[in-house]
Amino acid sequence: MKKFILSLLCCSSLTFCVAQSTNKVLNLFPKGTILKANVPYANDTLQKHLLDVYLPANAQKPTPLVIWVHGGAWMLNDKYADMNYMKKTLSEMVSNGFAVASVDYRHSTQAVFPAQIQDLNQAIEFIYQHAKEWGIDQNQFVLMGFSAGGHLASLLALSHNNHIPSFVAPNQKVHFRIKGVVDFYGPSELSGMVKRYDEDDANNSITRLLGASPLTRPDLAKIASPVTYVDKNDPPFLIINGEKDESVPYTQSKLLGAWLALSGVPQEVIIVKDAPHYGEMFDIEGIRKKIIAFLKR
């Protein structure tokens with residue numbers, strides 16, 4: 001029996017060590033951060049149905065949670081994306097007692113919309129159901145998304161109280177609530193994102209996401225646009241965009257902020273001078289202070 005128990009402990013330790021050694025970003029987190037790696041959230045074996053949870057060392061429990069939604073035009077990257085250029089923000093969030101969960105979701109090249117929002121809803125519900133065993137506060141979830149991830153984070157939070165059946169995976173229910181959103185340069189109104197040079201391009205990222213061009217299926221574009229669902233019952237938003245963002249013009253962020261303001265939802269839009277679509281210009285001290293203050297509120 002002693003040998004059996006020792007064997008189990010060794011296997012458990014080995015699994016944790018392997019998870020640590022294969023994780024691309026754990027070194028960005030404060031020393032002692034506890035990693036729960038590659039947790040399947042959809043009861044299947046899809047590589048894109050995995051999530052990681054990073055828990056602060058010696059955190060006061062239950063711990064509030066930031067859910068990290070990566071960017072990549074809905075068809076690139078994984079749950080480690082956007083962390084390297086936001087490493088100071090990551091470290092500061094965890095140092096301030098916030099856990100972080102980073103979620104993978106299916107690319108548009110695997111499944112068209114609404115697969116991505118279904119995956120995100122399912123992942124967050126999975127975290128909600130396992131929150132107590134991980135020491136996470138079920139009632140303190142904030143979304144933080146980047147580019148395509150900012151779109152998905154905003155869309156999920158804004159549509160949550162509209163109860164859109166197609167946004168939830170078949171035979172699934174959601175019980176969680178979102179307390180706030182930090183949206184980094186996420187598209188908010190998809191029809192307004194089509195440019196003259198790519199309006200007929202089948203490889204355009206929005207066309208790939210929807211399975212059709214927004215110019216031929218504006219109905220689909222409207223369903224997938226965060227601004228469609230803004231109302232007075234939505235959570236607060238902190239919206240950040242680059243002044244020189246050529247991928248997602250800062251007008252998309254200002255538009256979302258304006259709709260939120262008209263509905264009486266607390267919001268702040270920060271346009272970062274001379275900043276491009278992404279990069280370390282978004283990891284500066286002034287923005288970090290805004291983010292930490294927003295999370296604490």
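Whatever comes next refers back to the structure up there.
The rules behind the values
- Residues numbered from 1 in each chain as written.
- Predicted model: local features only at pLDDT ≥ 70, side-chain atom pairs only at ≥ 80, totals over all residues.
- Heavy atoms only, no water.
- Core = buried A, V, L, I, M, F, W, Y, C linked by side-chain atoms within 4.5 Å.
- Buried < 20%, exposed > 50% of the residue type's maximum accessible area, 1.4 Å probe, protein only.
- Contact = heavy atoms within 4.5 Å.
- Helix = DSSP H or I, 4+ residues; strand = E, 2+ residues; numbered from the N terminus.
- Expected span 1.5 Å × (residues − 1).
- Arc of directions from axis to C-beta.
- Phe/Tyr/Trp six-rings, centres within 6.5 Å; stacked < 30°, edge-to-face > 60°.
- Salt bridge = Lys/Arg side-chain N within 4 Å of Asp/Glu carboxyl O.
- Patch = residues over 30% accessible without salt bridge, like charges linked within 9 Å, V, L, I, M, F, W, Y side chains within 5 Å.
- Areas by Shrake-Rupley, 256 points an atom, 1.4 Å probe, with all protein chains shown as cover.
- Pairing = 2+ DSSP bridges.
- Axes fitted to C-alpha atoms, helices over the stretch in contact; angles between N-to-C directions.
- Left-handed = near helix turned anticlockwise from the far one by under 90°.
- Nonpolar A, V, L, I, M, F, W, Y, C, P; charged D, E, K, R; others polar.

### Observations concerning the nonpolar core
Inference 1: In this structure, Leu-51, Phe-141 and Leu-143 are the most contacted members of the largest nonpolar core, which totals 54 residues.
Inference 2: With residues up to four places along the chain from it excluded, the contact list for Leu-51 reads Lys-36, Ala-37, Asn-38, Val-39, Tyr-41, Lys-79, Ser-102, Val-103, Ala-123, Phe-126 and Ile-127.
Inference 3: Formed by 34 residues, the second largest nonpolar core is a distinct cluster that contains Val-100, Val-182, Leu-238 and Val-272.

### What to know about helix H7 (residues 250–262)
Inference 1: For H7, which comprises 13 residues, the first-to-last C-alpha distance of 18 Å matches the rise-based estimate of 18 Å (1.5 Å per residue) to within 8%.
Inference 2: Those residues of H7 that sit buried are Gln-252, Ser-253, Leu-256, Gly-257 and Leu-260. Buried residues in H7, looked at end-on, bunch into an arc of 135°, giving them a common side.
Inference 3: Looking at the buried side of H7, the elements it contacts are helix H4 (148–159), strand S6 (180–184), strand S7 (237–242) and strand S8 (267–272).
Inference 4: Looking one or two residues past H7, Gly-264 carries a phi angle of roughly 80°, positive in sign.

### Describing the packing of aromatic side chains
Centre distance and the angle of the planes are the two values used to describe a pair of aromatic rings.
Inference 1: Scanning all chains against the criterion turns up 13 aromatic pairs.
Inference 2: When the ring of Tyr-128 is compared with that of Phe-141, the centres are 6.5 Å apart and the planes differ by 85°; the resulting orientation is edge-to-face. Residue Tyr-128 is found in helix H3 (residues 115–134), and its partner Phe-141 is found in strand S5 (residues 136–146); the two are separated by 13 residues along the sequence.
Inference 3: Relative accessible area serves as the criterion here: at 16%, Tyr-128 is assigned to the buried category.
Inference 4: Judged by its relative accessible area of 0%, Phe-141 falls in the buried class.
Inference 5: When the centroid spacing of 6.2 Å and the interplanar angle of 85° are considered together, the rings of Phe-184 and Phe-282 count as edge-to-face. Placement of the pair is Phe-184 in strand S6 and Phe-282 in the loop between S8 and helix H8 (285–296), with a sequence separation of 98 residues. Each member of the pair, Phe-184 as well as Phe-282, is classed as buried.
Inference 6: Aromatic rings pair up to connect Trp-68, Tyr-85, Phe-146, Phe-184, Tyr-185, Tyr-278 and Phe-282 into one cluster.

### With respect to the pattern of salt bridges
Once their charged atoms are close, side chains differing in charge can pair, the charge on each being opposite to the other.
Inference 1: Taken as a whole, this structure holds 10 salt bridges when the rule is applied.
Inference 2: With a closest N to O distance of 2.8 Å, Asp-119 and Arg-106 form a salt bridge. Here Asp-119 is found in helix H3, whereas its partner Arg-106 is found in the loop between strand S4 (99–103) and H3, with 13 residues between them in sequence. In terms of burial, Asp-119 and Arg-106 fall into one category: buried.

### Observations concerning helix H2 (residues 87–95)
Inference 1: Residues of H2 that are buried: Thr-89, Leu-90, Met-93 and Val-94. Each buried residue of H2 sits inside an arc of 125° when the element is viewed along its axis, so together they form one side.
Inference 2: In this structure, the buried side of H2 is in contact with strand S3 (63–69), S4, S5 and H8.

### Describing a nonpolar patch on the surface
Inference 1: Together, Leu-255, Trp-259 and Leu-262 give the surface a local cluster of nonpolar side chains, amounting to about 330 Å² of exposed area.
Inference 2: Looking at where Leu-255 falls in the secondary structure, it is placed in helix H7.
Inference 3: Looking at Leu-255, the relative accessible area reads 32%, which means it is partly exposed.

### Details of the sheet that holds strand S2 (residues 50–55)
Inference 1: In spatial order, the strands read S1-S2-S4-S3-S5-S6-S7-S8; together these 8 strands make up an open sheet with mixed pairing. Each edge of the open sheet carries a strand with a single partner, namely strand S1 (34–40) and S8. Between one strand axis and the next, the sheet turns through 15° on average, direction left out of account.
Inference 2: Two elements, S3 and S5, share 6 bridges in a ladder whose sense is parallel.

### Some points on the packing of H2 against H8
Inference 1: It is the contact of H2 with H8, at a shortest axis distance of 10 Å, that shows an interaxial angle of 30°. The chirality of how H2 crosses H8 is right-handed. Side by side, H2 and H8 meet where Lys-88, Thr-89, Glu-92 and Met-93 of the first sit next to Arg-288, Ile-291, Ile-292 and Leu-295 of the second.
Inference 2: Among the residues making up the contact of H2 with H8, the classes are represented as 4 nonpolar, 1 polar and 3 charged.

Just distances and angles here, no functional claims.
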